[in-house]
Structures are given as C-alpha cells and as structure tokens.
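Okay, here's what each chain looks like letter by letter:
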Amino acid sequence: MANEQKNNVQGSPQNSQNNIENLNISQKSQTTQQLADVLPPLLLGTFAPKIDAKGRMAIPAKMRNQLGESIILARGQERCVYILPQEEFRRIAMKIQRTSMGNKAAREYLRVFLSGATEEEPDKQGRLVVPTMLREYAHLKDDIVVIGVGTRAEIWDKQAWEEYLAQKEDSYADITDDVLPEMEF
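A. Looking closely at the layout of surface pockets. Here the largest pocket defines a volume of roughly 540 Å³. Elements supplying a minimum of two residues to the lining of the largest pocket: β7 (144–148), β8 (153–157), α7 (158–172) and α8 (176–179). No other element matches α7, which puts seven residues into the lining of the largest pocket. By residue class, the composition of the lining of the largest pocket is eleven nonpolar, three polar and five charged.

B. Up close: the nonpolar core. Counting residues in each nonpolar core, the largest one holds 20 residues, and the members touching the most others are Met57, Leu73, Ile83, Leu140 and Ile155. Put simply, the parts of the chain that give this core at least two residues each are α3 (61–67), β3 (71–75), β4 (81–85), α6 (132–137), β7 and β8. In this structure Met57 touches Pro49, Lys50, Ile51, Ile83, Gly126, Arg127, Leu128, Val130, Ile144, Val146 and Ile155, once residues within four positions along its chain are discounted. Of all hydrophobic cores here, the second largest spans 13 residues; its members include Cys80, Phe113, Val145 and Trp156.

C. Focus on unusual backbone geometry. Positioned with a positive phi, Arg79 is a non-glycine residue whose angle comes to about 60 degrees. Within the secondary structure, Arg79 sits in the loop between β3 and β4. In this model, His139 sits at a positive phi of 55 degrees, which is unusual for a non-glycine residue. Note that His139 resides in the loop between α6 and β7.

D. Up close: the packing of helix α4 (residues 86–97) against helix α5 (residues 104–115). Between α4 and α5, the least distance of the axes is 10 Å, while the angle of their chain directions is 155 degrees. One finds that α4 runs roughly antiparallel with respect to α5. For the pair α4 and α5, the crossing hand works out as left-handed. Contact residues: α4 offers Phe89, Ile92, Ala93, Ile96 and Gln97, while α5 offers Ala106, Tyr109, Leu110, Phe113 and Leu114. In terms of residue class, the contact of α4 with α5 is built from nine nonpolar, one polar and no charged.

E. View of α4. Between the first and last C-alpha of α4 there are 16 Å, a value that for twelve residues agrees with the 16 Å anticipated at 1.5 Å per step. Taken residue by residue, α4 has Glu88, Phe89, Ala93 and Ile96 as its buried positions. The buried residues of α4 occupy an angular sector of 130 degrees when projected down its axis, which confines them to one face. Seen from the buried face of α4, the exposed residues on the opposite side, beyond 90 degrees, are Glu87, Arg90 and Lys95. Buried residues along α4 sit against β3, β4 and α5.

F. Spatial organisation of the pairing of β7. When you tally the buried positions in β7, you get four out of five residues, the bulk of the element. As defined by bridge partners, strand β1 (residues 46–47) adjoins β7 across two bridges and the pair is classed as antiparallel. The partner of Thr46 across the bridge, within β7, is Ile147. Hairpin geometry of β7 and β8 is characterised by an intervening segment of four residues between the two adjacent antiparallel strands and by a positive phi of about 80 degrees at Gly150.

G. Quick peek at the sheet that holds strand β5 (residues 118–120). Judged by pairing direction, the sheet is antiparallel, and its six strands sit side by side in the order β1-β7-β8-β4-β3-β5 without closing on themselves. Of all strands in the sheet, those bounded by a partner on one side alone are β1 and β5. Pairing between β7 and β8: five bridges, direction antiparallel. Counted as the bridge partner of Ile147 is Glu154 from β8. Running at roughly 105 degrees to β4, α4 makes contact with β3, β4 and β5 of the sheet.

H. Quick peek at α7. Relative to the 21 Å expected for 15 residues at 1.5 Å per residue, α7 spans 20 Å between its end C-alpha atoms, a close match to the ideal helical length. Where α7 begins, one side-chain oxygen reaches toward the backbone nitrogen of Gln159, 3.3 Å away; that side chain belongs to Asp157.

About the cut-offs
Residues numbered from 1 in each chain as written. Predicted model: local features only at pLDDT ≥ 70, side-chain atom pairs only at ≥ 80, totals over all residues. Heavy atoms only, no water. 1 Å grid on protein atoms, 1.4 Å probe; cavity = no way out; pocket = protein on both sides within 12 Å on 5 of 7 lines; lining within 4 Å. Points joined across faces, edges and corners; volume = space filled by probe spheres on them. Helix = DSSP H or I, 4+ residues; strand = E, 2+ residues; numbered from the N terminus. Nonpolar A, V, L, I, M, F, W, Y, C, P; charged D, E, K, R; others polar. Core = buried A, V, L, I, M, F, W, Y, C linked by side-chain atoms within 4.5 Å. Buried < 20%, exposed > 50% of the residue type's maximum accessible area, 1.4 Å probe, protein only. Contact = heavy atoms within 4.5 Å. Axes fitted to C-alpha atoms, helices over the stretch in contact; angles between N-to-C directions. Parallel < 35°, antiparallel > 145°, perpendicular 65-115°, else oblique. Left-handed = near helix turned anticlockwise from the far one by under 90°. Expected span 1.5 Å × (residues − 1). Arc of directions from axis to C-beta. Pairing = 2+ DSSP bridges. Polar contact = N/O pair within 3.5 Å; in protein donor to acceptor, adjacent residues only side chain to side chain.

That is the geometry; function is a separate question.
Shown next, in the form of structure tokens:
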C-alpha cells in the first residue's frame, strides 16, 4: 500500500514523465487540428465517372465535401481540366496577379488560365456540368478519369490519362530527388 501511494504522488518522477507524455500527445493533437483548420483539403485518389450527353459528371463522393459548394473548373496543363475549391482558385489567381504586369509569361498564363475558368455548382445528385469549351480543350469523351492532386483534382480523358501514366511511371522513381530533395523515403 505504501508503494502504491509513493507511485501515485503527483511529484513522483514516473507521474511527471506520464504528464509530459500526455501533454506532448495533447500538444501534437492540437497542432495537427490547427494545421487541418489552416491547410486546404487534400484531394486524393483516382475515380472513373462518366460524362453524360448533357456534359454532366458525378463528382466523386469522397471529394464533394472537400471541394465545397462553389467549384471552379479551369484549363489545366497536359490537356486536363482542373477542379478547384473556390478558395484554392482565388489563392492561385492572386499569386499569379501579384507577378509583375511586365512579365510576359505571367500575362499569357493569366489570360489562358482565367479565360478558361468557370464557376460551377453541383446539383442535388452531386453532378457538375463540364462546359463544352473545357470538354473540347481536354478532348473529354464519355470515359473520363478524375484524379486527386492535393489541393486540386483533374479531369482527364481516360485513354489520355492511361497513356500519360504509362509514359511517366518509369521515370517516377527517378524524379523523386528532384521533386523532394530534402525528404527521405
């Protein structure tokens, strides 16, 4: 009984260590939550919805909440269509606009990017209309792929995505050091 009381004394080394560990876990949990509140949603995965005759596609269920009510569709690189939460689109647009108007590349990028952007709201079934202009730009037919790319998603023609992925898979391991030089895997 006396030993149990000694171990339960608040000032004991074991209790202090437990309190520190609990505090560290609590701090880590709080820090993780704070980061989650600040960071944009992380869009992940590969999905294969269809585009119907009216140009509508179902937004993958796992992405709906992360994308929000107001979604921006825009021209992407390599002939895909970007799907962006409105906040992420605004962040990108503001960053580009801060670039000097004397920078020809920035002006050209801004023109192409913003002129091809549209704001869309999903219907009650979670479908989104992909405007004709963007379907033509990305050569989208009935079979498409939606991929999560962190802060955005991309819509690809299924065949174009499969070809792109087959082409890039071999070099995937080789470019790790260029893209993530400080990370160790």
